[in-house]
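# Examining the three-dimensional arrangement
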Amino acid sequence: MGSASIVFSGNIIEELSRNIPSSLFALSELIKNAYDAFSPDVTIRISQKNRTVTIIDSGDGMGESEIQSLFHISKSNKKFGQAVERNGVTRLTQGSKGLGFLSAFKFGDRVEWTTCKDGIKSKFSASKSDLVSKDSVAGTEIPITTEASDKKGTTITISSTKEEIEELLLDLNLNLEREKDLDDNSILEKLAATIIDDSFNIKIEVENSNKSMSTLDLKDFLKEDESNQLFYVSYNSKKSEADIFHKGELLESIEFALRRSDYSIDIELVIFYFGKGKNSKNVSSLYKRIHDGALHPLIYINRNLFNNTVIFDPEILRKKSSDEMLPQMIGRVNIRCESPDLEFNSDRTNFVENSLTKCIIKDLLELNKDIQARGAILKKSLKKNNKVPTGKASPTSQNDSNRSRTASIIIDKNKPVLFYVPSDQILLEEYILQARDSFGNEICMSDIEITIDGDISRKRSIPSIESPCEKTVFFRYNDVQTELVSKEVKISFEEKISNISGGHREKSLFTIKSSSDYTVGIETVADIINAIDIAYSSKSKEELLPLIACSTRAIFEISAEKVLKTHKSWFTNFNREKLSTSTKREIRDSLLLDVIHIVLLIKKNQALMTAISEASGIRYKNLTNLMSVQSFKVAVKESHIGAHNSTRYLSKPKIESCADSCGLFAVMSDILINLTKETLNNTKIHKIDESELDKNLGAGEPDNLDC
């Protein structure tokens, strides 16, 4: 047999161009190309008369290789967010998806490119309908004419129909036949704000109308409705500090460190307070949500506008009272990230969910809450005679440079504060993410005092911890101006709780204090454990508690029966005449006798305790503490539904406590019936007699058993 080739019909062009989600998105892609070409500006000109959309820039232009790349759909050598410096100007790469070619077809069937680079002007065109009609677009040739030229830059001319132009104008809120739209510049402003960079200007022109907009026309948000400004907030993740200003004066600084180091966040906000009879009508529509007109800050990813009003939602505290939230805010939230994990959905209105984007969203959420919560408290403190003073909030450059600061120690939130025993040694200096003095200088680590439970730590570390406990660590620094700054970290050390299961389940009701999970080999017991876990994880588990209790008893019964049959010679046939009345009463429940008999036998024989400890991963000391006869006795009784007057005595805590003892018993039984012949031959078993049973069932549990 020969070979086959992959062929793409021209219809793929039609399908892909239809997937460009909006006119705003398509124009944004074309703007990005001009920006990446280091053009100082880009002009978008819409002509109803000529029925054309023209995009003009004076950037690098395209040579032969760039033209070839243009027609290589979805291929780009650019890396989104990568900084490129040229002649003192630094730009963050925008285009990385190879969508410029398809974006042009959003507005018309025929597209013509005129581009100048290195003294050569190249001219070429493509028709979408021609491409769509082809059985295969692979290898399609695009004729290019060239001539000498001393110009630079690229002009894209898109030939549209009357209907396509009208649709574009409608998308831009520019239906000029409707009077009410004449003053609505919200979409034009958003388009002009697509990329925020002082070295780049976006111009939009509609011929034969008074409609035009450019980045330079956008009002500085710091000057928006100055008379109603309450706070100006500035956050810089490198400093891990958010500063809150009122009427140009610094009121407070909030410490906030990001979860990860592969992105940075800079925020500038203006927060308004609209008193009685006042509203946001004087604030530019650029900062108003389209569906309800509510104020919101603009989100920028690597200087490119991210059309999302949710990840930094001013109404995040909407369930709080109005005095505890500050929802009237505008400004810019700038996120900088070069990670390839930073991905977006098709219309670039949300992130693709992964560990990176989850962290970004969570940081923005918590920072938003912190700013609003602290700002609300400051607002209350400013309130006098039932009035909140407002006015231009941002500081002058002189105020900004002379403002006083406090020393700070910021703890790394990503560092663990829970360890399982026995733990590794812990270097405490690693918990300090950042430390600065009141002059803004980084503090030398050796100048920070570290104490553990009140004692100065000379070694600045916590040694391996073998028993559960909690350590309180303080990091202290005495600043020459602002004196003591102190941060506390509580570090807990616990026994690891592992699952007991009959299969592969993420979480089980049955657990043991072991460094690793244990899978029960007794098939019926394993099946019951899995069934109980399924029932207990259901929404109706409260109704299933009697069933779970009965199933727990079945685990006790099957496990005990297996051990008694496997090792008959280990167990005593008790003379009941030698037992006390109270013990006789207890062992009317034959299962209780069997379970306690096995538990006592294990406790009495060190070899069995050692074998169980090694096989289960439970430390010997912990196993000794877990071998409480009373706990097993209570668990067996709790599992005996027939002994209860009513199932109302069952509860979630009782079931969980019962499962702890039942699970441990199942594990011990499983290990005992699977002991190797070598272990059995080397083990001398000390049996339990009537007096030992009597002590534990009749008169309470003794401190120890004699071997």
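As a starting point, this report considers the structure included with it.

Conventions used here
- Residues numbered from 1 in each chain as written.
- Predicted model: local features only at pLDDT ≥ 70, side-chain atom pairs only at ≥ 80, totals over all residues.
- Heavy atoms only, no water.
- Helix = DSSP H or I, 4+ residues; strand = E, 2+ residues; numbered from the N terminus.
- Contact = heavy atoms within 4.5 Å.
- Axes fitted to C-alpha atoms, helices over the stretch in contact; angles between N-to-C directions.
- Parallel < 35°, antiparallel > 145°, perpendicular 65-115°, else oblique.
- Left-handed = near helix turned anticlockwise from the far one by under 90°.
- Nonpolar A, V, L, I, M, F, W, Y, C, P; charged D, E, K, R; others polar.
- Core = buried A, V, L, I, M, F, W, Y, C linked by side-chain atoms within 4.5 Å.
- Buried < 20%, exposed > 50% of the residue type's maximum accessible area, 1.4 Å probe, protein only.
- Pairing = 2+ DSSP bridges.
- Salt bridge = Lys/Arg side-chain N within 4 Å of Asp/Glu carboxyl O.
- Phe/Tyr/Trp six-rings, centres within 6.5 Å; stacked < 30°, edge-to-face > 60°.

### Examining the side chain of Asn228
By secondary structure assignment, the location of Asn228 is in the loop between strand S10 (212–214) and strand S11 (229–236). Ignoring sequence-local partners within four residues, the contact set of Asn228 consists of Phe272, Tyr273, Phe274, Lys278 and Thr390.

### Re the packing of helix H13 (residues 590–604) against helix H19 (residues 690–697)
The contact between H13 and H19 brings their axes to 11 Å, and the two run at 110 degrees. In terms of orientation, H13 lies roughly perpendicular with respect to H19. The handedness of the crossing between H13 and H19 comes out as right-handed. For the pair H13 and H19, the contacting residues are Leu593, Ile596, Leu600 and Lys604 in the first and Glu692, Leu693, Asn696 and Leu697 in the second. Considering only residue class, the contact of H13 with H19 consists of 5 nonpolar, 1 polar and 2 charged.

### Observations concerning the nonpolar core
Formed by 66 residues in total, the largest nonpolar core has its most connected members in Phe101 and Trp113. Here the element with the most residues in this core is helix H2 (residues 23–36); it accounts for 8 residues. If sequence neighbours within four positions are ignored, Trp113 has contacts with Met62, Leu70, Phe71, Phe101, Ser122, Lys123, Phe124, Ser125, Ala126, Thr154, Thr155 and Ile156. Ile529, Ile587, Ala611 and Val667 belong to the second-largest nonpolar core, a separate cluster that totals 62 residues.

### Some points on the sheet that holds strand S23 (residues 455–456)
Judged by pairing direction, the sheet is mixed, and its 5 strands sit side by side in the order S19-S26-S25-S22-S23 without closing on themselves. Edge strands, defined here as strands with exactly one partner in the open sheet, are strand S19 (418–420) and S23. As paired elements, strand S22 (residues 449–452) and S23 share 2 bridges and run antiparallel to each other. Pairing of Ile452 across the sheet is with Asp455, part of S23.

### Details of the pattern of salt bridges
Taken as a whole, this structure holds 34 salt bridges when the rule is applied. A salt bridge links Glu429 to Arg460; its shortest N-O distance comes to 2.6 Å. With a gap of 31 residues between them, Glu429 in the loop between strand S20 (426–427) and strand S21 (432–436) and Arg460 in the loop between S23 and strand S24 (461–462) connect regions that are remote in the sequence. Residue class for Glu429 comes out partly exposed when judged on its relative accessible area of 30%. A salt bridge links Lys633 to Glu586; the nearest nitrogen and oxygen atoms lie 3.1 Å apart. Highlighted residues: Lys633 in helix H16 (residues 629–638) and Glu586 in helix H12 (residues 581–586), separated in sequence by 47 residues. Here the two residues Lys633 and Glu586 agree in accessibility, since each one is buried.

### Thoughts on the sheet that holds strand S8 (residues 153–159)
Sheet architecture is open: 8 strands sit in the order S7-S6-S5-S8-S2-S1-S9-S10, paired in mixed fashion. Taken across any chain shown, the strands that pair with only one partner, and hence form the sheet edges, are strand S7 (144–148) and S10. Pairwise comparison of adjacent strand axes, ignoring direction, gives a mean angle of 10 degrees for this sheet. One ladder, built from 3 bridges, connects strand S9 (residues 201–206) with S10; its direction is antiparallel. Bridge pairing in S10 places Lys203 opposite Ser214. On the sheet, H2 packs against strand S1 (41–47), strand S2 (52–57), S8 and S9 and is oriented at approximately 145 degrees with respect to S1. In the packing of helix H6 (residues 162–171) onto the sheet, the strands contacted are S1, S2, S8 and S9, and the crossing angle to S1 comes to about 125 degrees.

### Observations regarding the packing of aromatic side chains
Taken as a whole and judged by the stated rule, the model has 13 aromatic pairs. Plain terms: the ring middles of Tyr232 and Phe245 are 5.7 Å apart, the flat faces sit at 45 degrees to each other, and that makes the pair tilted. Residue Tyr232 is found in strand S11, and its partner Phe245 is found in strand S12 (residues 241–246); the two are separated by 13 residues along the sequence. We note that Tyr232, like Phe245, is buried.

### A few points about the pairing of strand S26 (residues 483–494)
Put simply, side chains in a regular strand alternate between the two faces of the sheet. In the sheet, S19 pairs with S26 via 3 bridges, with the strands oriented parallel. When the sheet's bridge partners are listed, Phe419 is paired in S26 with Phe493. Sheet topology note: the strand S25 (residues 469–479)/S26 ladder contains 11 bridges and is antiparallel. Residue pairing for S26: Arg476 is matched across the bridge by Ser486. Where S25 folds back on S26, the antiparallel hairpin that results is connected by 3 residues.

### Some thoughts on the pairing of S12
Counting buried residues in S12 gives 6 out of 6 residues, a clear majority hidden from the surface. Where burial is concerned, the two faces of S12 agree: the one with Glu241, Asp243 and Phe245 and the one with Ala242, Ile244 and His246 are both buried. Sheet analysis places S11 next to S12, joined by 5 bridges and oriented antiparallel. Within S12, the residue paired with Asn236 across the bridge is Glu241. Hairpin connection from S11 to S12: 4 residues lie between these consecutive antiparallel strands, with Ser240 at a positive phi of about 55 degrees. Pairing geometry for S12 and strand S13 (residues 249–255), over 6 bridges, is antiparallel. Bridging across to S13, Ala242 finds its partner in Ile254. The turn joining S12 and S13, which pair antiparallel and follow one another in sequence, is formed by 2 residues; a positive phi near 50 degrees is taken by Lys247.

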